[in-house]
Amino acid sequence: MAEGPNVGVAVASSTAGPYTGTGIIDDAQPMAVDVDDDDLLVVGGAEPRSAAGRMISRCEELFGGSITCPTCDGTGKVSRDREHDLVALIPMNDKRLRPRHTKLYVAVSVVLCFLVAGLSLVFLFPRSINLRSNQPTLVSLEAGYGENHTTMYMTVVNMYNVTNENFYQVELTSVAASMLLNQRILASTTNSSSLTISMRSTKLYHITLNATFSLELDYIVQYCWYFPTASFFVQCQATATFRYFQKSEEMTLITYQYINCPKHH
C-alpha cells in the first residue's frame, strides 16, 4: 500500500483476473483500484478506517499512558517518562521569541545607572572638614606665681569647633596642640581621645595646655605681676588628624588668642 493524495489498493481474486472486455478475468494480474484518503478501506471484514485514523490509532498504541504535547496544539503526544527530558522546538517566527520593549528597558537601565552614579558622586564626594576656634580668650583653670615672682604657671583650655561637611561620618583620632610666645614654646600636648563627627554636623573639642613662663620670658611675669588685670597675646597651633574610608587626613589651625594675667593671692 502506498500513501499519497490517492491510495492505490491491489485486490487479488482467487477465481478470476482483471476484466479484459471480453468477459474473461486474467487471474495472473491483480486489479488496481484508486481510493482517496477519505475513502474507507475494508480489509478482511474489519471496521472501515481512513489512513489518518489508522496512523493516530497506531500512535496511541505505541504511547499508551501519555499526555498532550504542549508544543503541537494537542495533536501529538509524548511519554510521561520523558516529559521532563524533551526539549520543545519553537519556530523562528513565534511571537515569544520577539523582544518586547527592548529599547525601553535599555533606556531605563541607562538612566538608572547615571542616576546611581550621580547620587554616588553627590553623597560620597569628599567635602571640607573645618577646624576653628571662636574663643578670643583662653579659659584659665589655674594660674599663679613661683617664688620671688620669677616664674608664672598657667593651665588653660582651648576649645575648637569641628565641622563635618560630608554626607558620611568622620572620626577625629588625635589633636597635637602647642602654645607659643615670640617663637618660644610655652606648652605642648597631644590628645589621642577620638571623637566621631556625624555627617553634616559640628562638635566641640577641648584641649588642655600647661604653660610655664620663666627665664627669657620673665618680662611677661613682671608685666602680669604689676598689671594683674592685663592680658597678652599667645600663638596657639593645633594639628588634627581625621580618618574616613580608611584614609587619614591632617589639618593645621593657627590662632592668636588672649591670656589674662593671674591675680595676686
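Heads up: the structure comes first, above all this text.
Since the structure is predicted, the reported quantities are computational estimates derived from the model, not experimental observations.

Rules behind the numbers
Residues numbered from 1 in each chain as written. Predicted model: local features only at pLDDT ≥ 70, side-chain atom pairs only at ≥ 80, totals over all residues. Heavy atoms only, no water. Helix = DSSP H or I, 4+ residues; strand = E, 2+ residues; numbered from the N terminus. Buried < 20%, exposed > 50% of the residue type's maximum accessible area, 1.4 Å probe, protein only. Contact = heavy atoms within 4.5 Å. Areas by Shrake-Rupley, 256 points an atom, 1.4 Å probe, with all protein chains shown as cover. Polar contact = N/O pair within 3.5 Å; in protein donor to acceptor, adjacent residues only side chain to side chain. Phe/Tyr/Trp six-rings, centres within 6.5 Å; stacked < 30°, edge-to-face > 60°. Lys NZ or Arg CZ within 6 Å of the ring centre and 35° of its normal. Patch = residues over 30% accessible without salt bridge, like charges linked within 9 Å, V, L, I, M, F, W, Y side chains within 5 Å. Salt bridge = Lys/Arg side-chain N within 4 Å of Asp/Glu carboxyl O. Disulfide = S-S within 2.5 Å. Pairing = 2+ DSSP bridges. Arc of directions from axis to C-beta.

A. Layout of the overall build of the protein. Per the secondary structure count, the protein includes 3 helices and 13 strands. Per-residue burial for the protein yields a buried fraction of 27% across its 265 residues. Here the analysis covers contacts within the protein between residues at least 6 apart in sequence; of these, 62% occur between residues at least 24 apart. For the protein, the exposed area adds up to about 18,500 Å²; of that, 56% sits on carbon and sulfur atoms.

B. Geometry of the side chain of Gln257. Topologically, Gln257 is positioned in strand 13 (residues 247-260). A distance of 2.9 Å separates polar atoms of two side chains, one belonging to Gln257 and the other to Thr255. When near neighbours in sequence (up to four residues on either side) are disregarded, Gln257 contacts Ser133, Gln135, Pro136, Leu138, Asn158, Phe232, Phe233, Val234 and Cys236.

C. Expanded view of the packing of aromatic side chains. Scanning all chains against the criterion turns up 8 aromatic pairs. Relative to Phe245, the ring of Tyr168 has its centre 4.5 Å away and its plane inclined at 40 degrees; by these criteria the two rings are tilted. Here Tyr168 is found in the loop between strand 7 (152-164) and strand 8 (170-181), whereas its partner Phe245 is found in the loop between strand 12 (231-244) and strand 13, with 77 residues between them in sequence. Here Phe245 falls in the exposed class, since its relative accessible area comes to 54%. Aromatic ring contacts, followed pair by pair, group Tyr168, Tyr244 and Phe245 into a single cluster. Cation over ring: Arg200 sits above Phe167, and NZ or CZ is 5.0 Å from the ring centre.

D. Fine view of a nonpolar patch on the surface. Residues Leu104, Tyr105, Val108, Leu112, Leu115, Leu119, Val122, Phe123, Leu124 and Phe245 make up a contiguous nonpolar surface patch of about 970 Å² in total accessible area. Tracing the sequence through the fold places Tyr105 in helix 2 (residues 102-124). Tyr105 gets classed as exposed once you look at its relative accessible area, which sits at 52%.

E. Structural view of the pattern of salt bridges. Throughout the structure, instances matching the rule amount to 1 salt bridge. In this structure, Arg200 engages Glu165 in a salt bridge whose closest nitrogen and oxygen atoms are separated by 3.7 Å. Pair noted here: Arg200 is in the loop between strand 10 (195-197) and strand 11 (201-213) and Glu165 is in the loop between strand 7 and strand 8, with a separation of 35 residues, a long-range link. Residue classification places Arg200 among the partly exposed residues on the basis of a relative accessible area of 48%.

F. Representation of the state of the cysteines in the model. Going through the model one piece at a time under the given rule, you end up with 1 disulfide. In this model, Cys224 is linked to Cys261 through a disulfide, with the two sulfur atoms separated by 2.1 Å. Linking Cys224 and Cys261, the disulfide has an S-S dihedral of approximately -55 degrees and is accordingly described as left-handed. You can see Cys224 sitting in helix 3 (residues 218-226) and its partner Cys261 sitting in the segment after strand 13, a full 37 residues away along the chain. Side by side, Cys224 and Cys261 carry an identical accessibility label, which is buried.

G. Just the pairing of strand 12, in detail. Pairing of strand 8 with strand 12, which is carried by 9 bridges, proceeds in the antiparallel orientation. Paired with Met179 across the strands is Cys236, a residue of strand 12. Remark: 2 residues form the turn of the hairpin made by strand 12 and strand 13, two consecutive strands paired antiparallel; Phe245 in that turn has positive phi of roughly 55 degrees.

H. Structural detail: the environment of Thr212. With respect to the helices, strands and loops of the structure, Thr212 is situated in strand 11. Taking the C-alpha atoms as reference points, Thr212 and Ala187, separated by 25 residues in sequence, lie 7.3 Å from one another. Residues in contact with Thr212, not counting those within four places in the same chain, are Met152, Tyr153 and Leu186.

I. The arrangement of helix 3 in detail. Every buried residue of helix 3 is accounted for by Ile220, Val221 and Cys224. Buried positions in helix 3, seen along its axis, are confined to an arc of 100 degrees and lie on one side of it. Structurally, helix 3 contributes buried residues whose contacts are with strand 6 (139-145), strand 7, strand 8, strand 11 and strand 12.

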